[in-house]
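Summary of the model geometry
Listed below are the residues making up each chain.
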Amino acid sequence: MDAWGDPHRSAPLASRILVLNSGSSSVKYQLLDMRDSTRLAVGLVERIGEETSRLKHTPLTGGESREQIAPIADHDAALKAVAEELAQDGLGLDSPELAAIGHRVVHGGMHFTDPIVIDDAVLAEIKRLIPVAPLHNPANLTGIRTAMALRPDLPQVAVFDTAFHTTMPESAARYAIDVKTADEHRIRRYGFHGTSHAYVSRETAKLLGKAPEDVNVIVLHLGNGASASAVQGGRCVDTSMGLTPLEGLVMGTRSGDMDPAVIFHLMRVGGMSTDEIDTLLNKKSGLIGLCGDNDMREIRRRIDEGDEQARLAFDIYIHRLKKYIGAYYAVLGRVDAIAFTAGVGENAAPVREAAIAGLEGLGLAVDSDLNAVRGDESRLISPRSARVAVAVVPTDEELEIATQTYALVGKSDD
Ligand SMILES: Nc1ncnc2c1ncn2[C@@H]1O[C@H](COP(=O)(O)OP(=O)(O)O)[C@@H](O)[C@H]1O
Ligand SMILES: CC(=O)OP(=O)(O)O
Ligand SMILES: [Mg+2]
């Protein structure tokens, strides 16, 4: 029988990719069939380590979403629960159709500029980088180890948040500190959310009907963690996160930029330890530190009720965002589009409106009717006459990770 007559030969058997995006207290996952990039199942485990952990699993091959609220102690337990949910839909990890598992890994240092099949050396490097991604790399490692234990025969691929930013010029990547000290401790700006910045900048070019090489885009990834990037002709030339995901914008729980002397002051005058300050700046600052809430929906609700503390937190958040828009406008020289993405960027119209307000001199404006439209599609929110496009471009880190993973596994099969 020739290849055309044999149903098993007409398509490669293993074409599914499971993507795991392990955050500090959550795991987002998707199972995709890469022959046509269709999603077979998507889900989320959140509040890991709390009494009210929540797992929401949605099979897309038929059947209803399932939700359970029950304690899930750690990322190992979370992934095992995910594997059980997938198995219930006949999409278990034991399936021969699974080609690989793709993992989001937040910090890849200087070493990893491309996705890579994970071996002991890669695991050791991800572990070595824990001090510079303390909220993320440990969760990524647990996810990888559990997935390896469940399917030791499968390629496990790491896709790094830092990879897209490795094109930054030294003038943007270096801090102005003693070169010897910086080099000895590999202190430089790495940048994060790179998978999202890469995907969104390409999608923005598509929305404009242009090739990525021909457009300059400022991407504003505003989730719980938040970062901005300046993308020139498809290459990242600057980004707001640095050695760790703490630098830059005001975030849900992180301070972003501040005078580093605040730390010495808190040590010398405040009597705080290094660990206490680390926790303060990473987990008790940003929006939650300013007003007690890190969810933009709750902050907007409080503002509508006249809450001054929530208003000030919002204003500080917007002020920082505007400064980065201006900075990256200057870095790029010419800007074709500004793209808002991630949970806040895609959903919070008041954030988009406030961030762009007053920037008419830069050719920037938002049309309030277009801005009010909700939806899952990429869309323009600037008036037709505007010199620079302002867009909402939903990110899809999982699809991007799956695409990169499948490309790599396919390549290594040749
Ligand atoms: N409808 C909405 N309006 C305003 N903000 C929202 C909305 N939906 C989600 N968000 C914000 O998005 C954040 C989560 O964004 P997400 O990109 O999923 O973050 P992460 O990947 O860091 O978990 C929430 O903390 C919340 O502030
Ligand atoms: C790097 C980072 O901040 O990621 P997240 O937004 O998922 O916390
Ligand atoms: Mg995210």
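Thresholds, definitions, all that
- Residues numbered from 1 in each chain as written.
- Chains lettered and ligands numbered in written order.
- Predicted model: local features only at pLDDT ≥ 70, side-chain atom pairs only at ≥ 80, totals over all residues.
- Heavy atoms only, no water.
- Pairing = 2+ DSSP bridges.
- Helix = DSSP H or I, 4+ residues; strand = E, 2+ residues; numbered from the N terminus.
- Contact = heavy atoms within 4.5 Å.
- Axes fitted to C-alpha atoms, helices over the stretch in contact; angles between N-to-C directions.
- Near = heavy atom within 4 Å.
- Polar contact = N/O pair within 3.5 Å; in protein donor to acceptor, adjacent residues only side chain to side chain.
- Areas by Shrake-Rupley, 256 points an atom, 1.4 Å probe, with all protein chains shown as cover.
- Domains from an automatic or database assignment.
- UniProt positions renumbered as here; feature names shortened; annotations may be inferred.
- Buried < 20%, exposed > 50% of the residue type's maximum accessible area, 1.4 Å probe, protein only.
- Phe/Tyr/Trp six-rings, centres within 6.5 Å; stacked < 30°, edge-to-face > 60°.
- Lys NZ or Arg CZ within 6 Å of the ring centre and 35° of its normal.
- Salt bridge = Lys/Arg side-chain N within 4 Å of Asp/Glu carboxyl O.
- Buried area = accessible area lost by both parts, 1.4 Å probe.
- Nonpolar A, V, L, I, M, F, W, Y, C, P; charged D, E, K, R; others polar.

Overall, mixed pairing links the 6 strands, which are arranged 11-10-9-12-14-13 in an open sheet. Each edge of the open sheet carries a strand with a single partner, namely strand 11 (235-239) and strand 13 (379-380). Each of strand 9 (216-222), strand 10 (226-232), strand 11 and strand 12 (337-341) touches helix 11 (residues 308-332); the most contacted strand, strand 9, lies at about 160° to it. Relative to the sheet, helix 13 (residues 349-356) contacts strand 9, strand 12, strand 13 and strand 14 (389-392), its axis offset from that of strand 12 by approximately 150°.

The local shell around ligand 2 consists of Arg104, Val106, His136, Asp161, Phe192, His193, Gly225, Met241, Pro245 and Arg254. Between ligand 2 and His136, the relevant distance is 2.8 Å, taken from an oxygen atom to a side-chain nitrogen or oxygen of the residue. The contact in question runs from an oxygen atom of ligand 2 to an N or O atom on the side chain of His193, over 2.7 Å. With the chains in place, 85% of the 260 Å² that ligand 2 exposes on its own is no longer accessible. When residues are assigned to domains, the shell around ligand 2 turns out to be shared by domain 1 (16-160) and domain 2 (209-397), each giving three or more.

Under the UniProt annotation, "site: Transition state stabilizer" (unreviewed entry) lies at His193 and Arg254. Structurally, His193 can be placed in the loop between helix 5 (179-184) and helix 6 (194-207). Look at His193 and you get buried, because its relative accessible area is 8%. Non-local contacts of His193, meaning those with residues more than four positions away in its chain, are made with Arg104, Asp161, His165, His221, Gly225, Ala226, Ser227 and Met241. Excluding residues within four positions of it along the chain, Arg254 makes contact with Leu135, His136, Gly225, Met241, Pro245, Leu246, Leu249, Leu281, Asn282, Ser285 and Gly286. Here Pro245 takes part through its backbone oxygen, which lies 3.1 Å from a polar atom of the side chain of Arg254.

This part covers the packing of aromatic side chains. According to the stated counting rule, one finds 2 aromatic pairs in the structure shown. Between Tyr324 and Tyr328, the aromatic rings sit 5.6 Å apart at their centres with planes inclined by 70°, giving edge-to-face as the arrangement. Of this pair, Tyr324 and Tyr328 both sit in helix 11, 4 residues apart, roughly one helical turn. We note Arg300 situated over the ring of Phe314; from NZ or CZ to the ring centre the distance is 4.7 Å.

Counting across every chain of the model gives 26 salt bridges. Close ionic contact of Arg151 with Asp153 constitutes a salt bridge, the shortest N to O distance being 2.7 Å. What makes Arg151 buried here is its relative accessible area of 12%.

So, about the side chain of Arg302. For Arg302, the position within the fold is in helix 10 (residues 296-304). Of the residues examined, Arg302 reaches a relative accessible area of 11% and is grouped as buried. A polar side-chain atom of Arg302 sits 3.5 Å from a polar atom in the side chain of Gln309. Excluding anything up to four places from it in sequence, Arg302 contacts Cys291, Gly292, Asp293, Asp307, Gln309 and Ala310.

Under the domain assignment, the chain is made up of domain 1 (16-160) and domain 2 (209-397). Every contact between the two is made by 9 residues of domain 1 and, on the other side, 8 residues of domain 2. Both faces considered, domain 1 and domain 2 share a buried interface measuring about 700 Å² in area, 53% of it formed by carbon and sulfur atoms. Applying the counting rule to domain 1 against domain 2 returns 2 salt bridges. For Arg104, the salt bridge is made with Glu397, and the minimal N-O distance between the two is 3.9 Å. Taken together, the links from domain 1 to domain 2 amount to 2 residue pairs in polar contact (both at pLDDT 80 or more). Taken together, the residues that form the side of domain 1 that touches domain 2 break down as 3 nonpolar, 4 polar and 2 charged.

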